[in-house]
Amino acid sequence: MKIVKFYKNTVDNTHCLQACIKMLLSFYFPKRKFEDSKIDQKTLQEGGHTWFPPAVCWLDELGLKTLLFCKASSFNYKFFANDREKYLKQKWPKERYQKEKDNGAFKNIDQVQNASKIMVSKKLWIPKRLNDDELSKKIEDDQTLAIGKTIHQWLSGIYTDGSPHYVLIQKRYSPTQWKVHDPGLPPLENRKVPVTINCHSIFGDILVVCGPRKSCRTERF
């Protein structure tokens, strides 16, 4: 049985991914203390938008078997690693590009691009969607956890454009529900959320960690 310590988002609502990373670290390294400032530094969090690649690379450096599942058609990290803002301008509508820029998404873009290059070269990015049944099977393992990227409102069953949000996925609670630690805001421990919304998965990008590399089974994806 997995027992994962719960951590909350910060009051300014900028650290949902960092809270999930802290949960992972407490699970895999229960005797080590990771300061919040260290987690922020390694995930390039300076009070705004956070990208997945720096966190993926850091968890890999710590010796954890870490893979980011994201369809290339949704976001091609190889193209981003090579062309950066040129790719983003092609990928996103002009309004979204400007909105992301205004919200600080490009604040650390040099470092994010470098992390993306490392992630791609080390094959830590799997350019495919991890479907719900595949994810369920993976997290049946007592040593496997995942962080899912979703839309905050979707967790409550509200299908609308909204704010990107990260939660720690613990297990498939039932055929129609996941059990997650939602760092908030508001923070909700052991929350039950829908598997699908409007006939598609509630999660897009999914970071899967199956524990220390030496203890992980070799799998092909």
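Residues numbered from 1 in each chain as written. Predicted model: local features only at pLDDT ≥ 70, side-chain atom pairs only at ≥ 80, totals over all residues. Heavy atoms only, no water.

J.: Looking at this structure, I do not really get the overall build of the protein. What am I missing?
T.: From N to C terminus, the protein includes 8 helices and 9 strands. For 221 residues, the compact-globule estimate of 2.2 N^0.38 gives 17 Å, and the C-alpha radius of gyration of the protein, at 16 Å, lies within 12% of that figure. Considering only C-alpha atoms, the protein reaches an extent of 45 × 40 × 35 Å along its principal axes. Across the protein, the fraction of contacts at a sequence separation of at least 24, relative to all contacts at a separation of at least 6, is 64%. For the protein, the computed accessible surface area is about 11700 Å², with 48% contributed by carbon and sulfur atoms. Placing the 38 positive and 24 negative side-chain charges of the protein at their respective mean positions leaves the two points 4 Å apart. (Helix = DSSP H or I, 4+ residues; strand = E, 2+ residues; numbered from the N terminus. Rg over C-alpha atoms; globule rule 2.2 N^0.38 Å. Contact = heavy atoms within 4.5 Å. Areas by Shrake-Rupley, 256 points an atom, 1.4 Å probe, with all protein chains shown as cover. Lys, Arg positive; Asp, Glu negative; His and termini not counted. Charge placed at Lys NZ, Arg CZ, Asp CG, Glu CD.)

J.: For this particular structure, what's the right way to read the sheet that holds strand β2 (residues 125-126)?
T.: Strands in a sheet are paired, the pairing made by backbone hydrogen bonds, and the direction either parallel or antiparallel. The 7 strands lie next to each other as β2-β1-β9-β3-β4-β5-β6, forming an open sheet whose pairing is mixed. Two strands in the sheet have a free side with no partner beyond their single neighbour: β2 and β6 (188-194). In the sheet, strand β1 (residues 64-69) pairs with β2 via 2 bridges, with the strands oriented parallel. Paired with L68 across the strands is W125, a residue of β2. Contacts from helix α1 (residues 16-28) reach β1, β3 (145-151), β4 (164-174), β5 (177-182) and β9 (206-212) within the one sheet, and its direction differs from that of β4 by about 45 degrees. (Pairing = 2+ DSSP bridges. Axes fitted to C-alpha atoms, helices over the stretch in contact; angles between N-to-C directions.)

J.: Sorry if this is basic, but what is going on with the nonpolar core here?
T.: A general trend in soluble globular proteins is that nonpolar side chains are found buried together. Among the nonpolar cores identified, the biggest contains 49 residues, and I21, L24, L25, L59, F75, L88 and I147 are the most heavily contacted of them. Here this core takes 10 residues from α1, the largest share from any one element. Grouped together as the second largest cluster of nonpolar side chains are 21 residues, I126, I151, W178 and F203 included. (Core = buried A, V, L, I, M, F, W, Y, C linked by side-chain atoms within 4.5 Å. Buried < 20%, exposed > 50% of the residue type's maximum accessible area, 1.4 Å probe, protein only.)

J.: In this structure, what is going on with the packing of helix α3 (residues 52-61) against helix α7 (residues 109-121)? I would like to understand it.
T.: One can describe the packing of α3 onto α7 by two numbers: an axis separation of 8 Å at closest approach and a directional angle of 50 degrees. As summarised for this structure, α3 and α7 are arranged oblique, according to the angle between their axes. Crossing geometry of α3 relative to α7 is assigned as left-handed. Between α3 and α7, the contacting residues are P53, P54, V56 and C57 on the first element and V112, A115, S116, I118 and M119 on the second. Per-class residue counts for the contact of α3 with α7 are 8 nonpolar, 1 polar and no charged. (Parallel < 35°, antiparallel > 145°, perpendicular 65-115°, else oblique. Left-handed = near helix turned anticlockwise from the far one by under 90°. Nonpolar A, V, L, I, M, F, W, Y, C, P; charged D, E, K, R; others polar.)

J.: Explain the packing of α1 against helix α2 (residues 36-43) here, please?
T.: When two helices pack together, their arrangement is given by the angle between the helix axes and by the axis-to-axis distance. Two elements in contact, α1 and α2, have axes whose closest approach is 10 Å; the angle formed by their N-to-C orientations is 115 degrees. As summarised for this structure, α1 and α2 are arranged roughly perpendicular, according to the angle between their axes. Crossing hand, α1 versus α2: right-handed. Together, Q18, I21, K22 and L25 of α1 and D36, I39, D40 and T43 of α2 make up the contact between the two elements. For the contact of α1 with α2, the per-class residue count stands at 3 nonpolar, 2 polar and 3 charged.

J.: Mind showing me how you'd approach α2 here?
T.: The α-helix winds at 3.6 residues per turn, so residues separated by three or four positions along the chain end up facing the same way. I39, D40 and T43 are the residues of α2 that are buried. The arc that holds the buried residues of α2, viewed along the axis, is 100 degrees, so those residues lie on one side. Every exposed residue of α2 that faces more than 90 degrees away from the buried side is listed here: S37 and Q41. In this structure, the buried residues of α2 make contact with α1 and α3. Immediately downstream of α2, the backbone of L44 shows phi near 60 degrees, a positive value. (Arc of directions from axis to C-beta.)

J.: Where do I start with the environment of I118 in this structure?
T.: Structurally, the position occupied by I118 is in helix α7. When the C-alpha atoms of I118 and G184 are compared, they prove to be 30 Å apart, with 66 residues separating the residues in sequence.

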